[in-house]
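Survey of secondary and tertiary structure
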Amino acid sequence: LDSCRVLMLEGDQWKTHTLQTAPHLLTEKNWQPSRQILNQVRQEKKTSWQAPELAPASTRSLHGVKVVIAAPILDRAGEVIGVLYGDRRREGLSASPVLTKLEAMLVELIATGVATGLARLQQEKAALTARIQFEQFFTAELAHQLATQPDLLQGRDAEVTILFCDIRSFSSFSERLGPERTVAWISDVMEVLSDCTLTHRGVVVDYIGDELMAMWGAPEKQADHAKLACHAALAMQEQLPKLNERWQTFLGEPMGLGIGINSGVARVGNTGSQRKFKYGPLGNTVNLASRVQGATKYLKTKLLITGSVQAQLGSEFDTRQLCTARVVNIVEPVNLYELVRQITPAWLDLKTGYEEALKHFENQQFRQAARILGRLCTEYPHDGPSLFLMSRAVSCMVEEPQQFDPVWVLPGK
């Protein structure tokens, strides 16, 4: 062949994507393929070749062309997406006036190779797109595990740590912002919270309205899953001032976050259906983590963890025991702790005084508890747990319960 082109079909137009031609044809201008042959290949989906002098008048305008051939390039559905188009010239490299069947088969074979290469590129592009989308929710390492171990989706019991992070006063903010700006605001917030999760090797399980749910310990086993979750929670709190700085003008007031964390065994796998895939955990561990997040509203604190989380933390974290609580729809009570990163003299004084008052309260020594809490409420007026425990102590002093139970029952979720 004196010239050969890969012509790809773009709409109803044939565009040259690759050209290989003899040196004496490099200066050829206004080249046009045979529409007759291209239409024939498109309709019949098979290789076609002919000599212009033997063809209908519509193709005899191919001046200087001795023979032309077009082999279809098919997609995976068998549709023509392009052709391998070649010709021989009267004063070209080949002296043969015809194109043999063997030569036509060779052109057809090359066209098949082109089609196979394009299909592979398309498949690789689709796989890359799917992987990128997958990694939007998981780290690259976890996405690889789920891709190479599909049995993980069938479900297994795993020791995990679950985090719920809720945006405070979402309804009032969204009413103030309107639909369009609310979407922009919530997307920005969730992006920041997700980054904190992924940076500390967690899995973003779901976005539930104004709440993010994250998990550590599955599908990859992590011995330090509780610590990683706590680091992520503290990072979320550290990002809050920057978020407020960006949105203060529109929100009118600072927004807050409430975070609850719990560790335990959960059933992890596809918690959705065959139609709607969703990888995540189910079980009492998850429900309790959600309830603990809800408890932050009543205790007027920002970050609560359960005793099962606190038991796995080292000296790099500091906690304050707040109470023993029984949450909605879960029978067993749970110990709740406040988690902080910055350990200051004021914090140590507050922690020591509060935990001493809590012991007095649990021993029904309500006046001693109230005396300590009175000082704390004066010196730390914005400490929600001290105000809350003070109200419980005063209530017990007034009502003098006959059957005292130190376990606090959450009034709601």
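It should be noted that the structure appears before, not after, this text.
Residues numbered from 1 in each chain as written. Predicted model: local features only at pLDDT ≥ 70, side-chain atom pairs only at ≥ 80, totals over all residues. Heavy atoms only, no water.

Looking now at the packing of aromatic side chains. A complete count under the given rule lists 8 aromatic pairs for this structure. On the basis of an interplanar angle of 70° and a centroid distance of 5.2 Å, the ring pair of F366 and F404 is categorised as edge-to-face. Highlighted residues: F366 in helix α10 (residues 366-379) and F404 in the loop between α11 (384-399) and β14 (408-409), separated in sequence by 38 residues. Each member of the pair F366 and F404 is classed as buried. Looking at R320, its charged tip hangs above the ring of Y354, at a distance of 4.8 Å from the centre. (Phe/Tyr/Trp six-rings, centres within 6.5 Å; stacked < 30°, edge-to-face > 60°. Helix = DSSP H or I, 4+ residues; strand = E, 2+ residues; numbered from the N terminus. Buried < 20%, exposed > 50% of the residue type's maximum accessible area, 1.4 Å probe, protein only. Lys NZ or Arg CZ within 6 Å of the ring centre and 35° of its normal.)

Time to look at helix α6 (residues 225-251). Where α6 bends most, the angle comes to about 45°, and this point is E245. One or two steps after α6, the chain reaches G252, where phi turns positive at roughly 85°. (Bend = angle between axes of the 7 residues up to and from the residue.)

Further remarks concern the packing of helix α9 (residues 345-362) against α10. For the pair α9 and α10, the least separation of the axes is 8 Å and the interaxial angle reads 155°. Between α9 and α10, the crossing angle belongs to the class labelled roughly antiparallel. Relative to α10, the crossing made by α9 is left-handed. Touching D349, L350, G353, Y354, E356, A357, H360 and F361 of α9 are F366, Q368, A369, I372, L373, R375, L376 and E379, all from α10. (Axes fitted to C-alpha atoms, helices over the stretch in contact; angles between N-to-C directions. Parallel < 35°, antiparallel > 145°, perpendicular 65-115°, else oblique. Left-handed = near helix turned anticlockwise from the far one by under 90°. Contact = heavy atoms within 4.5 Å.)

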